[in-house]
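Coordinate analysis (summary)
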Amino acid sequence: MLRKDRHKSCVKTVTFDIWETLLFERDGSSARRSSARCRNLANVLRKLGVEVSVEKVDFALKKTISSLLKIWDTNRDVAHLQQIQLLMKHLFEDSVPLKEEWIGALSSAYVSALFEVPPYLNPDACEVLRWLKNQGKYVGIICNTGLTPGFGLRRFLEREGVVKYIDVMIFSDEVGIRKPDPRIFHLVSERLKVKPCEVIHVGDNLRSDVWGAKNAGLKAVYFLCEAGRDKMAESDSTSLVSLSRKLDGLREEDIVPDATISSLAMLKKVIEKLTVA
């Protein structure tokens, strides 16, 4: 569905959210990935000489998430290393100090869960990204990271063969800002030297992607698709997936995208209609 836009402009850049937009999930993936992360961390700690159960790691990770949510609620983010430090603090309450030589192994254990329980590329992604590049558009990613850091997602996208189409990737843990803060959207404009009004952002989250992009002066395309969603996580009110979809005082009827699509393949016509040569 396309809104009649009174302010068409030259579209030079299209940015995408990652989760449940470019990358799809299988039902139950979030829970399985969390279990893998806890198991891997416990195994690494045992190899480092620290005996700890998977259950204790799971409990500490939940406490870590609670701490992170308080930060994320202010649209700020922390670096991957700080997440590991938070986890160790909740796990051992300073009784086991984090040694510098442990960081690489703990980081690998933290990130490896993404590759053990991988998402899968939206079937339309490659064709649409290729089309955008053939049209001379810049392509970007603006992603709120959760427990998987930006460098892990970048590596995964490289494995999937789509990095060659992407000009700029903005991950919240690397820049310290989260959507819907306008500053994270403006980073793309600054790096690519385009105006915010020349950027279309595509994403599945009404608050972070649509409201955030519009508030930053971008055009917003709402990706509303039933495929590729972890319905199990969405039904759990305590999951990060469910919590990320909260509107936090905004009313759904007040968040108006420039267009709504149910597949990325529909994006071609939307961009053509929103663009003035």
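The sections below set out a description of the structure shown in this document.

Some points on the overall build of the protein
Tallying secondary structure elements over the protein gives twelve helices and eight strands in all. A compact globule built from 277 residues would reach a C-alpha radius of gyration of about 19 Å, and the protein, at 19 Å, matches this within 12%. If one aligns the C-alpha atoms of the protein with their principal axes, the spans along those axes are about 65 × 40 × 35 Å. Counting the 277 residues in the protein, one finds 53% classified as buried. Long-range pairs, those at least 24 residues apart, make up 74% of the contacts in the protein with a sequence separation of at least 6. Of the roughly 12900 Å² that the protein leaves accessible, carbon and sulfur atoms contribute 52%. Averaging the coordinates of the 43 positive side-chain charges in the protein and doing the same for the 37 negative ones gives two points 4 Å apart.

Some details on the state of the cysteines
By the definition in use, this model includes zero disulfides. Not part of a disulfide, Cys-10 finds its nearest cysteine sulfur in Cys-197, a span of 9.0 Å. You can see Cys-143 has no disulfide; the closest cysteine sulfur is in Cys-126, sitting 18 Å from it. Residue class for Cys-143 comes out buried when judged on its relative accessible area of 0%.

Structural notes on the pattern of salt bridges
Scanning all chains against the criterion turns up 19 salt bridges. Across the pair Asp-167 and Lys-133 runs a salt bridge whose closest N-O atoms are separated by 2.6 Å. In this pair, Asp-167 is assigned in the loop between helix H6 (150–159) and strand S5 (168–171) and Lys-133 in helix H5 (residues 125–134), connecting sequence segments 34 residues apart. On the basis of relative accessible area, Asp-167 is assigned to the partly exposed category, the value being 39%. A relative accessible area of 27% places Lys-133 in the partly exposed class. A salt bridge links Lys-231 to Glu-226, with the nearest nitrogen and oxygen atoms 3.1 Å apart. Given the relative accessible area of 36%, Lys-231 is considered partly exposed.

Quick word on the sheet that holds strand S7 (residues 219–223)
Pairing is parallel in the open sheet, where six strands are placed in the order S5-S4-S1-S6-S7-S8. Each having just a single partner strand, S5 and strand S8 (259–261) make up the two edges of the open sheet. The average undirected angle you get between the axes of adjacent strands in this sheet is 20°. Along the sheet face, helix H8 (residues 182–192) touches strand S1 (13–16), strand S4 (138–143), S5 and strand S6 (199–203) and points at about 155° away from the line of S5.

Focus on the packing of aromatic side chains
In the structure shown here, the tally under the stated rule is three aromatic pairs. Judged by centre distance (5.7 Å) and plane angle (85°), the ring pair of Phe-24 and Tyr-120 falls under edge-to-face. Remark: Tyr-120 occurs in strand S3 (residues 120–121) and Phe-24 occurs in strand S2 (residues 23–24); sequence separation between them is 96 residues. Judged by centre distance (5.8 Å) and plane angle (55°), the ring pair of Phe-115 and Phe-156 falls under tilted. Of the two residues, Phe-115 is situated in helix H4 (residues 103–116) and Phe-156 in helix H6; the sequence distance between them amounts to 41 residues. The class for Phe-156 is buried, based on a relative accessible area of 0%. Through a chain of ring-to-ring contacts, the aromatic side chains of Phe-24, Tyr-120 and Phe-223 assemble into a single cluster. Just above the ring of Tyr-110 sits the side chain of Arg-37; from NZ or CZ to the centre is 5.3 Å.

Rules used in this analysis
- Residues numbered from 1 in each chain as written.
- Predicted model: local features only at pLDDT ≥ 70, side-chain atom pairs only at ≥ 80, totals over all residues.
- Heavy atoms only, no water.
- Helix = DSSP H or I, 4+ residues; strand = E, 2+ residues; numbered from the N terminus.
- Rg over C-alpha atoms; globule rule 2.2 N^0.38 Å.
- Buried < 20%, exposed > 50% of the residue type's maximum accessible area, 1.4 Å probe, protein only.
- Contact = heavy atoms within 4.5 Å.
- Areas by Shrake-Rupley, 256 points an atom, 1.4 Å probe, with all protein chains shown as cover.
- Lys, Arg positive; Asp, Glu negative; His and termini not counted.
- Charge placed at Lys NZ, Arg CZ, Asp CG, Glu CD.
- Disulfide = S-S within 2.5 Å.
- Salt bridge = Lys/Arg side-chain N within 4 Å of Asp/Glu carboxyl O.
- Pairing = 2+ DSSP bridges.
- Axes fitted to C-alpha atoms, helices over the stretch in contact; angles between N-to-C directions.
- Phe/Tyr/Trp six-rings, centres within 6.5 Å; stacked < 30°, edge-to-face > 60°.
- Lys NZ or Arg CZ within 6 Å of the ring centre and 35° of its normal.

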